[in-house]
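Inside the fold
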Amino acid sequence: MALKPLTSVFLSPLSLPHSPSSSPFPKFSTIWRNPTPVLCQSQARQQTTPTSDPFRPEPDGLGAAAPTRGDLFLEHHQSVAASEAVFNADTKKKKKKFSGSWKASAASACYGCGAPLQTLEIDAPGYVDPETYGLGGLRLLEDYQQKRKYFLQKKKHRQLRTVLCGRCRLLSHGQMITAVGGNGGYSGGKQFISAEELREKLSHLRHEKALIVKLVDIVDFNGSFLARVRDLAGANPIILVVTKIDLLPKETDLNRVGDWVVEATTKKKLNVLSVHLTSSKSLVGISSVASEIQKEKKGRDVYILGSANVGKSAFINALLKMMAQKDPAAAAAQRYKPIQSAVPGTTLGPIQIDAFLGGGKLYDTPGVHLHHRQAAVVHSEDLPALAPRSRLRAQCFPNFQVAFDDTTSSRIRSNGLNGFSIFWGGLVRIDIVKVLPQTRLTFFGPKALSIQMVPTDKADEFYQKEVGVLLTPPTGKQRAEEWMGLQTERQLQIKFEDIVRPACDLAISGLGWIAVEPVAAGRSLTTSDSDSDLDLEETEKQMELCIRVPKPVEIFVRPPIPVGKSGGDWYQYRELTEKEVEVRPKWYF
């Protein structure tokens, strides 16, 4: 029997005849009782598809050899898994580049100095005892991936955040252990990292949105100022904090000192939000810095920036102590705070501190090591002599309380300091070429350095004989033989208009400063002094000095800083315009 056409079997319901008496729905029972074999369209297509089409891929097989739906499913998922593996590999490579950032490695660093933890070199920074800190299994792990996994497990449990390296333990007991070498580093001892590498760790700051707290040492204001701080900080806002004001002489008016700091900052063309006079030891001014940080932080990270040995770690400890009164996060952070030491370069890596409850981190950064400071030229064991430990005391010359021979005393009374040379330890020599008979030089610096005055014609012989003995640093004859000497010579011509106030300050980078007074305050005038005073109206008001220091050390000639009781008498506030009042930063203490 011949097959019926497909159209004759599947009829439209609208074309079926029906009567009103019949059911409204058509009956298909006769069709479904005897189904007619129908050719499947998909099979028809498969048979009619030409196999010679060059643009169609050949099937894996036909019939029983054709891939099943399960095979196709598995093949699809295998391809998806392979593509995910490639994507994850690329992502790991990108993360690997970022893992080089010091932020990611902060958890596996010593909380005291920021050096990466290690168990191989005992003398190197960051060394920890494997047995003591549960890292004994680390020596048995030779594979890098296993070591990395081991450290990640420690990070997860935050165990490495509470580790203090062996070097920090020795520093906390007063030992002098340097680790920074290179240009701006320190001679003597082992050098594990260069000053250039430490500066490179701060290079990312210019590309981040952060709040910069810049610290300046009031004793070494010019040497520690970091005039090119914008190269590190970029366009980020800066809060200027002046440290160690507790070292200034007694009866110093901090109002005048604050005005002097703002004037010096404005002349250096450094735009800052505010200026704060602080003391980490007595906590003076710390509360105003904490309030300013909370006001300007705005969810950003806060970086403490400054030159080496300016007091960053001490400032952070004082800041945490002050913030702990209101912020529980700062109170918890006090348990693991940076180590304090008189050694420049104590902090060797950035230290992350969770000090803010409302977001953002506090970072203690490595100090910027400057080659033009005295600390860069002396031996590491002589570094404590450069750091003042108590309030500065003015040492004046000429000093008639010092016992001189009769010839020297009569020479000083008649001609003043002319023809004399003054040695400040073994680091500075000042030859007085031409000054007034009433001129006085006042030294402000560490008490460990003795000051000696001899005639200029005997100065060379005196220095060669006494360097390393009476003139220290350098300390000892062995270091004196290796000492480079005072190679830099600078001739200064100092002009002055007012004999009541000091003409200028001579700031020695990394040491202190010398106030040059044309006429000593409170000195009584004799007959010869009156004659000289009359001649002063007719002659040029100018003094000539010659200063010698080690080669890289810089000498700054600056306006005199008003310290002591006499500073409050002669210092005068400058009248400001309306525009200067608006732009000028405010200062607090």
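Just above sits the structure.
Described below are features of the structure shown in this document. (Residues numbered from 1 in each chain as written. Predicted model: local features only at pLDDT ≥ 70, side-chain atom pairs only at ≥ 80, totals over all residues. Heavy atoms only, no water.)

1. A few points about the overall build of the chain
A tally of regular secondary structure across the chain gives 18 helices and 19 strands. Evaluated residue by residue, the chain yields a buried proportion of 45% over its 589 residues. Look at the contacts in the chain between residues 6 or more apart in sequence, and 72% of them connect residues 24 or more apart. Of the roughly 32,800 Å² of accessible surface on the chain, 53% is carried by carbon and sulfur atoms. (Helix = DSSP H or I, 4+ residues; strand = E, 2+ residues; numbered from the N terminus. Buried < 20%, exposed > 50% of the residue type's maximum accessible area, 1.4 Å probe, protein only. Contact = heavy atoms within 4.5 Å. Areas by Shrake-Rupley, 256 points an atom, 1.4 Å probe, with all protein chains shown as cover.)

2. A look at unusual backbone geometry
With an omega of 5°, the peptide bond between Phe397 and Pro398 qualifies as cis. By secondary structure assignment, the location of Pro398 is in the loop between strand S9 (395-397) and helix H13 (406-415). With omega at 5°, the peptide bond leading from Pro473 into Pro474 counts as cis. Tracing the sequence through the fold places Pro474 in the loop between helix H14 (459-466) and helix H15 (477-482).

3. Points about the packing of aromatic side chains
Considering all chains together, one arrives at 11 aromatic pairs under this definition. Plain terms: the ring middles of Phe221 and Phe225 are 5.4 Å apart, the flat faces sit at 45° to each other, and that makes the pair tilted. Among the residues examined, Phe225 registers a relative accessible area of 1% and is labelled buried. Geometrically, the ring pair formed by Tyr571 and Tyr573 is edge-to-face, given 5.7 Å between the ring centres and 85° between the ring planes. Of the residues examined, Tyr571 reaches a relative accessible area of 10% and is grouped as buried. Grouped by ring-pair contacts, the aromatic residues Phe221, Phe225 and Trp260 constitute a single cluster. Above the face of the Phe225 ring, Lys214 is positioned so that its terminal group lies 3.6 Å from the ring centre. Between Arg411 and the ring centre of Phe420, over which it is positioned, the NZ or CZ distance is 4.7 Å. (Phe/Tyr/Trp six-rings, centres within 6.5 Å; stacked < 30°, edge-to-face > 60°. Lys NZ or Arg CZ within 6 Å of the ring centre and 35° of its normal.)

4. Details of the environment of Lys458
With respect to the secondary-structure elements, Lys458 resides in the loop between strand S13 (451-455) and H14. It is 8.8 Å that separates the C-alpha atoms of Lys458 and Ser421, two residues lying 37 residues apart in sequence.

5. Digging into the packing of helix H10 (residues 286-297) against helix H11 (residues 312-323)
Where H10 contacts H11, the axes come no closer than 9 Å and their chain directions differ by 80°. Classified by the angle between their axes, H10 and H11 sit roughly perpendicular to one another. The residues of H11 that touch H10, namely those facing Ile286, Ser287, Val289, Ala290, Ile293 and Gln294, are Phe315, Ala318, Leu319, Met322 and Met323. Partitioning the contact of H10 with H11 into residue classes produces nine nonpolar, two polar and no charged. (Axes fitted to C-alpha atoms, helices over the stretch in contact; angles between N-to-C directions. Parallel < 35°, antiparallel > 145°, perpendicular 65-115°, else oblique. Nonpolar A, V, L, I, M, F, W, Y, C, P; charged D, E, K, R; others polar.)

6. Focus: the side chain of Thr347
Turning to its location among the elements, Thr347 is positioned in the loop between helix H12 (328-333) and strand S7 (351-353). Classification of Thr347 by relative accessible area gives buried; the value is 7%. Non-local contacts of Thr347, meaning those with residues more than four positions away in its chain, are made with Cys113, Ser313, Asp364, Thr365, Pro366 and Gly367.

7. Examining a positive patch on the surface
On the surface, Lys250, Arg391, Arg393 and Lys447 cluster together into a patch of positive charge. Position of Arg391 among the secondary structure elements: in the loop between strand S8 (362-364) and S9. By relative accessible area, Arg391 is classed as partly exposed at 36%. (Patch = residues over 30% accessible without salt bridge, like charges linked within 9 Å, V, L, I, M, F, W, Y side chains within 5 Å. Salt bridge = Lys/Arg side-chain N within 4 Å of Asp/Glu carboxyl O. Lys, Arg positive; Asp, Glu negative; His and termini not counted. Charge placed at Lys NZ, Arg CZ, Asp CG, Glu CD.)

8. A few points about the sheet that holds strand S12 (residues 440-444)
Read across the sheet, five strands follow the order S9-S12-S16-S15-S18 without closing on themselves; strand pairing throughout is antiparallel. Edge positions in the sheet fall to S9 and strand S18 (555-558), since each has one partner strand and no second. Pairs of neighbouring strands in the sheet enclose a mean axial angle of 20°, with direction left out of account. Across five bridges, S12 lies against strand S16 (residues 512-517) in antiparallel orientation. Opposite Thr442, over in S16, you have Ala515 as the bridge partner. (Pairing = 2+ DSSP bridges.)

9. A short note on the environment of Arg393
For Arg393, the location among the structural elements is in the loop between S8 and S9. Judged by relative accessible area, which is 58%, Arg393 ranks as exposed. Once the C-alpha coordinates of Arg393 and Gly564 are considered, the two residues, 171 residues apart in sequence, prove to be 9.4 Å apart. Setting aside anything within four residues of it in sequence, one finds Arg393 in contact with Phe443 and Lys447.

10. Quick word on the nonpolar core
Within the largest apolar cluster, 48 residues are counted, with the highest numbers of intra-cluster contacts made by Trp424, Val428, Leu441, Phe443 and Leu506. When near neighbours in sequence (up to four residues on either side) are disregarded, Phe443 contacts Arg393, Ala394, Gln395, Phe397, Ile422, Trp424, Ile430, Ile451, Trp513 and Ile514. Judged by nonpolar contacts, the second largest core, of 44 residues, contains Leu240, Leu254, Val275 and Phe556. (Core = buried A, V, L, I, M, F, W, Y, C linked by side-chain atoms within 4.5 Å.)

11. Considering the state of the cysteines
Under the definition given, this model contains zero disulfides. Sulfur of Cys110: no disulfide; nearest cysteine sulfur belongs to Cys168 and is 3.6 Å away. Note on Cys113: no disulfide assigned, nearest cysteine sulfur contributed by Cys168 at a separation of 3.5 Å. (Disulfide = S-S within 2.5 Å.)

12. Concerning the pattern of salt bridges
This model, assessed by the stated rule, comprises 19 salt bridges. The closest approach of N and O atoms between Asp259 and Arg584, which form a salt bridge, is 2.9 Å. Of this pair, Asp259 sits in helix H9 (residues 254-267) while Arg584 sits in the loop between helix H18 (578-583) and strand S19 (586-588); the two residues are 325 residues apart in sequence, bridging distant segments of the chain. Residues Arg479 and Asp382 are paired through a salt bridge, measuring 3.2 Å at the closest nitrogen-oxygen approach. On the criterion of sequence distance, the pair formed by Arg479 in helix H15 and Asp382 in the loop between S8 and S9 is long-range, its members being 97 residues apart. There is no split in this pair, since Arg479 and Asp382 are both buried.

13. A look at H9
Compared with the 20 Å implied by 1.5 Å per residue over 14 residues, the 20 Å span of H9 between its first and last C-alpha is a close match. The element H9 is extensively covered by neighbouring structure, given that 11 of its 14 residues are classed as buried. Residues of H9 that are buried: Leu254, Arg256, Val257, Gly258, Asp259, Trp260, Val261, Val262, Glu263, Ala264 and Thr265. Buried positions along H9 lie against strand S4 (238-243), strand S5 (274-277), S18, helix H17 (564-570) and S19. The opening residue of H9 is Asp253, an N-cap whose side-chain oxygen sits 3.0 Å from the backbone nitrogen of Asn255. Downstream of H9 by one or two residues, Lys269 has phi in the positive range, about 60°. (Expected span 1.5 Å × (residues − 1). Polar contact = N/O pair within 3.5 Å; in protein donor to acceptor, adjacent residues only side chain to side chain.)

14. Remarks on the pairing of S13
In terms of burial, S13 is a largely internal element, four of the five residues being buried. Pairing geometry for strand S10 (residues 420-424) and S13, over five bridges, is antiparallel. In the sheet register, Trp424 faces S13, and the bridge partner there is Ile451.

Keep in mind these values describe shape, not function.
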